[in-house]
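Listed below, chain by chain, are the residues.
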Amino acid sequence: MVLDVNGVKHQITADPDVALLNVLRNQLGLTGSKYGCGEGACGACTVLVNGKPVHACITPISNAAGKEITTIEGLEGNGKLHAVQEAFLAVDVFQCSYCASGMIMSAVALLNSNSSPSEAAILKAMNGNICRCGTYPFIVKAIKLASKS
Amino acid sequence: MYNAPLIFDRRKFLKLAGRGLVVAFVLKDYLSFAGETPQPGSPMAPPGEVGAWIHIGEDGLTSVYTGKVEFGQNIRTSLSQIVAEELKLPVSSITMIMGDTDLVPYDAGTFGSRTTPQMGTQLRKAAVTAREALIELAAKNWDVSISGLIAENGMIVNSATGQRIGYGGLTKGQQILRTISDNVPVIVAKDWKVAGKSLPKVDGRLFISGKHLYVSDMHVPDMLYGKVLRPPSYNATLVTADVSKAQAMPGVTVVQDGEFIGVVAPDVVAAGKGLQLIDASWEEKTGQPSTANIFDYLVKNASGENNERGSENTKGNVEMGLKESDFQLSQTYHINYIAHVPLEPRAALAEWVDGKLTVWTGTQRPFGVQDDLAVFFKLNKEKVRVIVPDTGSGYGGKHSGEAAVEAARLAQVVKKPVKIVWTREEEFTWAYFRPAGVIKATAGVKKDGTITSWKFVNYNSGSAGLDTQYTTSNKQIAHLPSKTPLRQGSYRALASTGNVFARECHMTDLARLIKMDQLDFRLKNMDDDRFKAVLQAAAKAFRWNGPKASGHGYGIAGGFEKGGHVATCAEVLVNEDKEVKVLRVTQAFECGAIVNPHHLENQIMGAIIQGLGGALFEKIDFSSGKILNSSLSAYRVPRFSDVPKIEVLLINREDLPSAGAGEAGIIGIAPAIRNAILDATGTGLTVLPMIPNGTLTTDKY
Ligand code: FES
Ligand code: FES
């Protein structure tokens, strides 16, 4: 099976029902996507598949094969941070930051589909992502900042 | 003498430090004893005696060694700021070496909001000592007196001649060792230039680009993945286990040692499969307590004797005090078990090389886990190294080293490095919880608002925040430990999340009995000016006396813990369907001089939001040794949509020493919401969590 991750094609030998998160983290060494629950309930593993946010922990690789997969590692271009990352950095959002990758990927997906979301739209789009440290208000602030740039 | 646990290992220290200037925060006696072997049973370090080293190399690079660990408190940043301030260096030229038992001096652990007041203070003094030593070296170098010399941006400058020399150039290949004298002149907070500012998180870029390696992300050559077989319920015993199918899988090793059974495999999927293929039968223990009867159980099993904590907690005579009162109020409060749910579950990577064990793991007590491992494997402590990379949070929930021991056991057998990452279900089931508790409060009050009697007894949940922080001439305060059916332990602000809840509910109810405003009643009964200041600040910003619409209610609560003073106002709306919505929260917080305002605001905001979960809906459901909601879809934690409008007011007391901020911020939110619900509806809830199903019911626990 071939997985197209961050523009690079990888030949993968694994059961088709193995979770994408597993392959990303343990076979491809892309550990930016995190495990937090394994059941689609926390958003720590969020990646983009054809631009849409998915929970990599419950996405079998067979569902992602042949599609464009983007992880947090694929956001930077030529050593330059993505505008959403810049905004998160400027607001200095996080505490432990374990939720960061999932938050940023969800925010990127949101802003790709709606470049200036209302506060309500932000809350709705982000509600699947947990920050146990409770940095939510700063995340909202960073998304608003990114939506302006 | 002070030796054992501090292990001032002179050899390790000197080797590590290399040439340059070293400042160690240790008693002078220490250095003279340093070469000797610690005696078993030597006294523990006195509480203020936390070790820290600062090293300035010949290249001018400054390294700070501390046993504290970064779990999201952003202390890597705040401690750097403190050192930078005193050493007159940019923060970017400081490297913090944290939580590595081979490199840093002994530290009891990162908890109890002690990093800022203790480690911060000592690093500050170490930095001043280093600065003064550098000035002396420069004076000698130029053969001038120290009076005209100042430290500035990594250089010592002679203000008369304009001559300057970099710190690194001053040590000239020697190793210079200084110990700290306690009376060094530190820079007062009002003159701070680096501390006191909202500097961004150190290494922030690594974290927002997914590059920081948490333990669960680590990989070393030849590493294998481990899984551990868990019993179906607490206290179950293993009867038989057929591991043959798992063992037959290619590349899989099953490790069996008594009841401990682990599977090691080259990839995590195979390890999981191997675990599933183990056919184990267990004998479960029946009749263990459950959520339905836990509170009766805790009261019944409480230690009989009166465990009052010292005489300061008993004053006058509470019975007499009750007789003097015009109104009496007795109420029982119930606090459920809750889970910390650190977003990164427990993880450990263990490796044995030539009889030495190294374990990377996310624990708040690296030296404690080093001890645990040394005891478990009967090793000398020098043969065990624990390293704690910046970790995905803990909130008091990662004091232990379960995964570390498990990974080390497996690695020892397979003779390869093994990584274990707990599943969320394991984290919910086999870690530990904030204790459940029952709190019985009885108080008497006069019509004029004088509290004449205060009796407060906590069953099981703990003694933090137990004493009242209001004035009364008669009081009796006790904590009665009990038997807990679930493993319980530390939590953010410990038991004060429950004790302050009960106290602040009781205070508001007393105010209502005498028809006094709940804020005025508190102000009347307090003699702590800092507490008073936060209450007044919060009330003012909240517009406490402002109008409120029908269905809306206002509540207030507060207290102080470990130097952090907090007051919280909340507004709720309870609609006709009895749905409760927390609309806004204003919280004032004061913990002395602020080191990093943005990070402090973030901590306080986070504490409010975390506290919201325990206030409204977080609760561990269990039955006869099984956790029934061991997943994030079943155990609800606060999400974006749960967050009310929050205003955080930070009061900067530059005249007071900086205190910790990680904990006290959580204690006000639950009682403030409860008192607001009472204000809106007349219903005074007494159980945490209050609204597990989203609507107000008067159901008992
Ligand atoms: S790990 Fe995928 S949603 Fe939690
Ligand atoms: S910053 Fe810790 S989970 Fe979000």
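Our structure's up above, just so we're on the same page.
Report follows, based on the coordinates. The structure displayed is predicted, hence computed values, not measured ones.

What counts, and at which threshold
- Residues numbered from 1 in each chain as written.
- Chains lettered and ligands numbered in written order.
- Predicted model: local features only at pLDDT ≥ 70, side-chain atom pairs only at ≥ 80, totals over all residues.
- Heavy atoms only, no water.
- Helix = DSSP H or I, 4+ residues; strand = E, 2+ residues; numbered from the N terminus.
- Polar contact = N/O pair within 3.5 Å; in protein donor to acceptor, adjacent residues only side chain to side chain.
- Pairing = 2+ DSSP bridges.
- Axes fitted to C-alpha atoms, helices over the stretch in contact; angles between N-to-C directions.
- Contact = heavy atoms within 4.5 Å.
- Parallel < 35°, antiparallel > 145°, perpendicular 65-115°, else oblique.
- Left-handed = near helix turned anticlockwise from the far one by under 90°.
- Nonpolar A, V, L, I, M, F, W, Y, C, P; charged D, E, K, R; others polar.

**Some remarks on the side chain of arginine 124 of chain B**
Relative to the helices and strands, arginine 124 of chain B is located in helix H4 (residues 115-142). At 3.4 Å, the side chain of arginine 124 of chain B forms a polar contact with the side chain of glutamate 86 of chain B.

**Structural notes on the sheet that holds strand E7 (residues 164-166) of chain B**
Residues and elements named next belong to chain B. Ordered in space as E5-E6-E7, the 3 strands form an open sheet in which the pairing is antiparallel. With partners counted over all chains shown, the strands left at the sheet margins are strand E5 (149-152) and E7, one partner each. Pairwise comparison of adjacent strand axes, ignoring direction, gives a mean angle of 25 degrees for this sheet. Here 4 bridges tie E5 to strand E6 (residues 155-158), and the two strands are oriented antiparallel to one another. Directly across from leucine 149, in E6, lies its bridge partner asparagine 158. Running at roughly 125 degrees to E5, H4 makes contact with E5, E6 and E7 of the sheet.

**A word on the packing of helix H3 (residues 83-91) of chain A against helix H6 (residues 136-148) of chain A**
Residues and elements named next belong to chain A. Running from N to C, H3 and H6 cross one another at 130 degrees; their axes reach a closest spacing of 8 Å. Compared by their axis directions, H3 and H6 come out oblique. Both H3 and H6 take part in a crossing whose hand is right-handed. Of H6, the residues touching H3 (which contributes Ala83, Val84, Ala87, Phe88, Ala90 and Val91) are Phe138, Ile139, Lys141, Ala142, Ile143, Leu145 and Ala146. Residue classes in the contact of H3 with H6 are distributed as 12 nonpolar, no polar and 1 charged.

**So, the sheet that holds strand E24 (residues 564-574) of chain B**
All names here are of chain B. One open sheet holds the 4 strands; their spatial order is E23-E24-E25-E28, and the pairing between them is mixed. Edge positions in the open sheet fall to strand E23 (552-561) and strand E28 (645-651), since each of these has one partner strand only. Averaged over neighbouring strand pairs, the angle between their axes works out to 15 degrees when direction is ignored. In this sheet, strand E25 (residues 580-590) lies alongside E24 in antiparallel orientation, the contact comprising 10 bridges. If you follow valine 566 over to E25, its bridge partner there is phenylalanine 589. Helix H15 (residues 529-542) rests against E23, E24, E25 and E28 of the sheet, and its axis sits at about 30 degrees to E24.

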